[in-house]
Amino acid sequence: MTKHDGVNGDLRGLIGRQRPTHQLVAPYERTLADAAIGLMADCGKPLREWQQDGLREGMGINGPAHDYRWAAYEVSDICSRRNGKTVKLEARALAGLFLLGEVDILWTAHRYDTVLLSFTEVARLIKSNPDLRSELLPKRNEGIVTQNGVESITTRSGATINFRTRGPDTGRGFDGDLLIVDESQAATPEQMKAMSGTLINGRNPQIWYSGSAGGAKSHVLGDLVHRALNTEPGDEARERLTFNQWAADEDDDPSDPRVWAKVNPSYGLPGSGIGYDNLRAKYIELKYRPHEFAQEHLGVGTYPRPESETWVVPSVDWTRREDPDSFPVGKVLLAAHASPDQSWASIGMAGHRTDGAVHLQLVAHDRGTRWIVERLAELQETFDTVPEILVTERGPLGYLVSDMEAIGLKVRLMTSEEQQNASSWFITNATEPPPEELAEQAKDGWPGWVRSPRHLGQPPLTVALAEVSIRTVGERYVLSSRAPIDVSPIIAAAYAGYGLELLGRAPAPPPSPELVSERFGPSRPTGIGGANF
């Protein structure tokens, strides 16, 4: 990210980051994009740097010149609205129609008005270039069919690009070389099932997806995100996928113009309407609906879990750790967390049991965030707590830290590295051998039984665990707050559990590894478990 000279070097002078914030590129030997880039310039619509880079990577090929194959079978762009991602689709379509010999191209979008705009612009670009126009059918309409709902363009060679609104049967009956899925955040598995069949007979087919950040129903786009960002190198699910995403990280400040420039590649560029003044106005408009601003302008999606993806802690392991009679002894630690849009918040508690295992519990969960400060104060008076309260350093509750400190609460801000450590602690120790095996292993000196967490089986924790995912940070991972539902309960509890180690409160193993339920029966101290469910 760089700055323009002038404007006193302030934040108004930022320009957009030209490389994606998250990327996966299918390895290629060379690219066919340069001719396509030149063709767009000849049509009077030169591509920006980030558009050129994306076209080169998406049109990368392998193999001999006479029998090449696309390195990427699927190419996906996720970028906020009005940046110009559709322009790359136009360049790819024109290249297929006039440079690559692709016979059948199917361009689809979710809404008809979007399809019509794309059809109109592609037709305009062709007519603006005499060489391209001469390749159209020598008829009155020049092979450009404008019939409502079945728009198409056909060349002298018989190559055709059809523009269609997506539906359950769109694409059936077509045989294609290129499938364009615009507004891919709205594409459904049923639609893709119908459309992808158009490529079965293609010699060298390719799919290009383009969309803005998705939501809870964005199964197709969510699958692409998962394959690109959450699968390991060598996994066949990603070997022919090229993926570009501009998206803010969870700890980015949504009010910071540097973040706006980071996730909007056309920010501040000449001819772009995306800049400081417009995004500032939009931020103020949506200040009390931050999730809308994040999704529409920061590339922040909340995708459904792919059907093939398991829980971060397998449900069988979590169930085995359920102990309705579990309770902590001695000091407990509190951690607070909230959903990114601050619509829900949670307070987790952790302490050690008499057998040394870690007790995790949700002690408060309610709408909004303003109640957090008063509730933390009440809990510190109710329980014998570790003085520090854990809150993420750059998380959604950061604005309340000064209020907490003003009433005497001592806050420990978790750094990004500590959040990664906490996530690793939780996932690793919650998937170790089940509790019934721990006591036997403890007799042989294995320390895992001390760290293995237990819980009461509270429904909000289990529901949140079923939806929480992980995001990668470098070579590490961290529990992600972005989900179709509020997952703050499990994150608050996990961070509290790790906090026992972080703050040096882990006790030495007791002499006997008996389970609490065996030792104390069904009773537990009163006052534990006052959660606002």
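Keep in mind the model is a prediction, meaning the values are calculated, not measured.

Taken together, 3 strands build an open sheet; the order of strands is S2-S3-S4 and the sheet is antiparallel. For this open sheet the edge positions go to strand S2 (30–31) and strand S4 (69–70), each flanked by a neighbour on one side alone. Where S2 and strand S3 (residues 60–62) come together, 2 bridges link them in antiparallel fashion. Bridged to Thr-31 within S3 is Gly-60.

A word on the sheet that holds strand S5 (residues 74–78). The 9 strands are arranged S1-S12-S5-S11-S10-S6-S9-S8-S7 in an open sheet whose pairing can be described as mixed. Only two strands of the sheet have a single neighbouring strand rather than two, namely strand S1 (22–24) and strand S7 (144–145). In terms of strand pairing, strand S8 (residues 152–154) meets strand S9 (residues 160–165) through 3 bridges, oriented antiparallel. Along S9, the bridge assignment pairs Ile-153 with Ile-161. Of the strands in this sheet, S5, strand S6 (104–109), S9, strand S10 (178–182), strand S11 (206–211) and strand S12 (241–245) touch helix H3 (residues 85–98), which is tilted by about 160 degrees from S6.

This next bit is on the layout of surface pockets. Roughly 1,200 Å³ of volume is contained in the largest pocket. Surrounding the largest pocket, 46 residues form its lining, Pro-290, Ser-339, Pro-340, Asp-341 and Pro-396 being those nearest its centre. Put simply, the parts of the chain that give the lining of the largest pocket at least two residues each are helix H10 (290–297), strand S20 (476–480) and helix H18 (488–502). Top element by residues in the lining of the largest pocket is H10. It accounts for 4 residues. Approximately 790 Å³ is the volume attributed to the second largest pocket. Together, 30 residues line the second largest pocket, and Arg-82, Thr-86, Arg-111, Thr-114 and Glu-183 are the ones closest to its centre. When residues of the lining of the second largest pocket are traced back to their parent elements, those giving at least two are H3, helix H4 (112–128), S11 and H10. With 5 residues, H4 is the single largest residue contributor to the lining of the second largest pocket. The class makeup of the residues in the lining of the second largest pocket is 5 nonpolar, 13 polar and 12 charged.

What follows concerns the pattern of salt bridges. If charged atoms from side chains of opposite charge come close, those side chains can pair. Scanning the model with the defined rule gives 33 salt bridges in all. Close ionic contact of Glu-57 with Arg-19 constitutes a salt bridge, the shortest N to O distance being 2.7 Å. Highlighted residues: Glu-57 in helix H2 (residues 49–58) and Arg-19 in the segment before S1, separated in sequence by 38 residues. Of the residues examined, Arg-19 reaches a relative accessible area of 31% and is grouped as partly exposed. Across the pair Asp-256 and Arg-258 runs a salt bridge, and its minimum N-O distance is 3.1 Å. The exposure class assigned to Asp-256 is buried, which follows from its relative accessible area of 14%.

The rules behind each value
- Residues numbered from 1 in each chain as written.
- Predicted model: local features only at pLDDT ≥ 70, side-chain atom pairs only at ≥ 80, totals over all residues.
- Heavy atoms only, no water.
- Pairing = 2+ DSSP bridges.
- Helix = DSSP H or I, 4+ residues; strand = E, 2+ residues; numbered from the N terminus.
- Contact = heavy atoms within 4.5 Å.
- Axes fitted to C-alpha atoms, helices over the stretch in contact; angles between N-to-C directions.
- 1 Å grid on protein atoms, 1.4 Å probe; cavity = no way out; pocket = protein on both sides within 12 Å on 5 of 7 lines; lining within 4 Å.
- Points joined across faces, edges and corners; volume = space filled by probe spheres on them.
- Nonpolar A, V, L, I, M, F, W, Y, C, P; charged D, E, K, R; others polar.
- Salt bridge = Lys/Arg side-chain N within 4 Å of Asp/Glu carboxyl O.
- Buried < 20%, exposed > 50% of the residue type's maximum accessible area, 1.4 Å probe, protein only.

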